[in-house]
Amino acid sequence: MGLEQKLGDFGFVTTKLQDMVNWGRTRAMWPLGFGLACCAIEMMATQAPNYDLSRFGMELLRASPRQADLLLVSGRLSRKMAPVLRKLYDQMPDPKWVLAMGDCASCGGVFNNYAIVQGIDEIVPVDVYVAGCPPRPEALIHGIMTLHEKVKTEVFKDYA
Amino acid sequence: MANFERFNPIPILKGLYTTFHSTFFEPVVTVQYPEEKRPVSKRFRGRHHLRRYDNGLEKCIGCALCAAACPADAIFVEASENNDDVRFSPGERYASTYEINMMRCIFCGYCEDACPTQAIELGDQYELSFTERVQAIYTRDMLLDTVDELEKATPRKVEPGAFDRSIPMMENPD
């Protein structure tokens with residue numbers, strides 16, 4: 001900010017390491033697609049050429065927790081499936097984020113009954129909730145951009 | 001390369017031609033979403049909004065039929081009495097609290113069908129993402145349509161006896 005103004009146009013910019021790290025994290029956030037129900041169809045459509053998540057550095061939407069940064073939970077989570085979700089979350093390396101896609105993953109949606117977990121935040125910490133039943137691919141991309149904005153505000157001393 | 005004599009390049013070239021053709025000669029289908037938005041269909045059901053009459057009074061009379069029709073229990077309505085000094089709607093009552101939990105809502109449109117005054121309508125906004133659960137609860141002020149002129153705002157003072165019906169008789173503006 002100050003240095004390049006004092007030195008003139010030297011062809012470089014200065015920034016905070018924290019901002020650069022956060023920027024880098026938003027540019028290549030590999031998702032783990034945890035498709036559980038109809039929202040998974042929209043998640044696949046988001047990956048497909050019409051919307052193309054690769055534009056956001058998310059080429060690999062695959063079911064591999066060890067290489068993933070972002071857990072995309074799309075669909076209703078039954079109580080039987082809940083330990084699996086927690087296990088996948090624990091297998092992901094830090095830093096990791098969770099996006100609850102759709103009403104069912106966010107809070108149970110229309111399935112207010114004993115078999116469905118009423119929101120995956122009972123199991124894992126959720127960063128962004130995307131409403132919609134199911135959300136359009138645009139809505140999912142909007143949720144991802146909301147997450148990017150959240151990641152950009154992270155500070156070093158909170159990196160655990 | 002024991003199989004070199006049987007190597008046939010034609011199928012590989014055919015496959016490469018497909019890639020080449022689709023890369024350079026087929027139109028790009030990708031929608032550049034944040035900059036360019038695909039228009040929604042006419043029957044699309046997105047975020048709700050509460051409508052007003054032409055004179056600015058609210059259409060919602062707080063009957064809570066939408067809340068009764070909601071399969072996900074996403075709507076909470078609390079009604080209060082109108083009077084001529086503080087008037088929100090032409091009916092006897094108005095919705096003093098109107099909350100929709102967008103995370104519960106499945107955008108089925110049953111509230112639209114149930115509404116006797118066509119007050120609630122599902123719009124075309126679909127960008128609903130939240131970082132906290134509490135942000136998903138849309139209150140009355142967020143759902144109500146905005147007014148252009150100041151004298152059309154609610155609540156307002158009207159002359160006594162102008163609105164004497166419990167269910168308004170006002171025709172719809174459209």
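Residues numbered from 1 in each chain as written. Chains lettered and ligands numbered in written order. Predicted model: local features only at pLDDT ≥ 70, side-chain atom pairs only at ≥ 80, totals over all residues. Heavy atoms only, no water.

So, about the overall build of chain B. Looking only at helices and strands, one finds four helices and six strands in chain B. Ordered by position from N to C terminus, the α and β elements of chain B give α-β-α-β-β-α-β-β-β-α. Seen along its three principal axes, the alpha-carbon backbone of chain B occupies a region of about 100 × 30 × 30 Å. The proportion of buried residues among the 174 residues of chain B is 37%. When the accessible surface of chain B is summed, it comes to about 11,000 Å², and 53% of that surface belongs to carbon and sulfur atoms. Between the centroid of the 20 positive side chains of chain B and the centroid of its 28 negative side chains there is a distance of 6 Å. (Helix = DSSP H or I, 4+ residues; strand = E, 2+ residues; numbered from the N terminus. Buried < 20%, exposed > 50% of the residue type's maximum accessible area, 1.4 Å probe, protein only. Areas by Shrake-Rupley, 256 points an atom, 1.4 Å probe, with all protein chains shown as cover. Lys, Arg positive; Asp, Glu negative; His and termini not counted. Charge placed at Lys NZ, Arg CZ, Asp CG, Glu CD.)

A count of helical and extended segments in chain A gives six helices and four strands. Its helices and strands in sequence order give chain A the pattern α-α-β-α-β-α-β-α-β-α, from N to C terminus. Seen through its principal axes, chain A has C-alpha atoms that stretch 65 × 35 × 25 Å. Burial status across chain A gives 47% buried among its 160 residues. Of the contacts formed within chain A by residues at least 6 apart in sequence, a portion of 76% connects residues at least 24 apart. Total accessible area computed for chain A in this model is approximately 7,700 Å², and 60% of it derives from carbon and sulfur atoms. When the 17 basic and 17 acidic side-chain charges of chain A are each reduced to a single mean position, those positions are 5 Å apart. (Contact = heavy atoms within 4.5 Å.)

It is worth spelling out the packing of aromatic side chains at this point. According to the stated counting rule, one finds five aromatic pairs over all chains in the structure shown. With a centroid separation of 5.9 Å and 65 degrees between ring planes, the pair formed by Phe20 of chain B and Phe25 of chain B is classed as edge-to-face. Since its relative accessible area comes to 44%, Phe20 of chain B is described here as partly exposed. Every member of this aromatic cluster is reached through a ring pair, and the members are Phe20, Phe24 and Phe25 of chain B. Here Lys96 of chain A stacks its cationic end above the ring of Tyr89 of chain A, 4.3 Å away from the centre of that ring. Sitting over the face of the ring of Phe44 of chain B, Arg136 of chain A holds its NZ or CZ atom 5.2 Å from the ring centroid. (Phe/Tyr/Trp six-rings, centres within 6.5 Å; stacked < 30°, edge-to-face > 60°. Lys NZ or Arg CZ within 6 Å of the ring centre and 35° of its normal.)

Residues and elements named next belong to chain B. Taken together, the side chains of Phe7, Ile10, Ile12, Leu13 and Leu16 define a hydrophobic patch exposed on the protein surface, amounting to about 500 Å² of accessible area. Mapped onto the elements, Leu16 comes out in helix H1 (residues 10-24). The exposed category is assigned to Leu16, whose relative accessible area is 52%. (Patch = residues over 30% accessible without salt bridge, like charges linked within 9 Å, V, L, I, M, F, W, Y side chains within 5 Å. Salt bridge = Lys/Arg side-chain N within 4 Å of Asp/Glu carboxyl O.)

All names here are of chain B. Taken together, the three strands give an open sheet; going across it, the order is S2-S3-S6, and neighbouring strands pair in antiparallel fashion. Bordering the open sheet on either side are strand S2 (75-81) and strand S6 (137-138), each of which pairs with just one other strand. Both strand S3 (residues 93-101) and S6 contribute to a ladder of two bridges, which runs antiparallel. Counted as the bridge partner of Asn101 is Ile137 from S6. (Pairing = 2+ DSSP bridges.)

On to the confidence of the model for chain B. Scored by pLDDT, chain B has a mean of 87; 95% of the residues are at 70 or more. Reported confidence for the predicted complex is 0.82 by ipTM and 0.86 by pTM. (pLDDT = per-residue confidence, 0-100.)

With that settled, the discussion passes to the nonpolar core. Among the nonpolar cores identified, the biggest contains 49 residues, and Leu71, Leu85 and Ile120 of chain A together with Ile75, Tyr98 and Met102 of chain B are the most heavily contacted of them. At four residues, the largest contribution of residues to this core is made by helix H4 (residues 82-91) of chain A. Those residues in contact with Met102 of chain B that sit more than four places away from it in its chain are Asp103 and Ala131 of chain A together with Arg47, His48, Phe107, Leu128, Phe130, Ala136, Tyr138 and Leu143 of chain B. The next biggest cluster of nonpolar side chains, apart from the first, holds 25 residues, and it includes Cys39, Met43, Tyr51 and Leu72 of chain A. (Core = buried A, V, L, I, M, F, W, Y, C linked by side-chain atoms within 4.5 Å.)

In this complex, chain B contributes 25 residues to the contact, which on the side of chain A involves 31 residues. Between chain B and chain A the total buried area reaches about 2,500 Å² when both faces are included, carbon and sulfur atoms providing 56% of it. One can count one salt bridge joining chain B with chain A. A salt bridge links Asp121 of chain A to Arg133 of chain B, with the nearest nitrogen and oxygen atoms 2.7 Å apart. Note that strand S4 (residues 128-130) of chain A and strand S5 (residues 129-130) of chain B share two bridges and pair antiparallel. (Buried area = accessible area lost by both parts, 1.4 Å probe.)

Next up on the list: H4 of chain A. Residues and elements named next belong to chain A. Residues of H4 that are buried: Ala82, Leu85, Leu88 and Tyr89. Along the long axis of H4, the arc covered by the buried residues comes to 125 degrees, so they all point the same way. Residues Pro83 and Lys87 are exposed on H4 and point more than 90 degrees away from its buried face. (Arc of directions from axis to C-beta.)

Should the charged atoms of two oppositely charged side chains come close, the side chains can pair. All names here are of chain A. In the structure shown here, the tally under the stated rule is 13 salt bridges over all chains. Residue Arg79 pairs with Glu122 through a salt bridge whose shortest N-O separation is 3.8 Å. Separated by 43 residues along the polypeptide, Arg79 in the loop between strand S2 (70-74) and H4 and Glu122 in the loop between helix H5 (102-107) and S4 bring together distant segments of the chain. Overall, Arg79 belongs to the partly exposed group, its relative accessible area being 43%.

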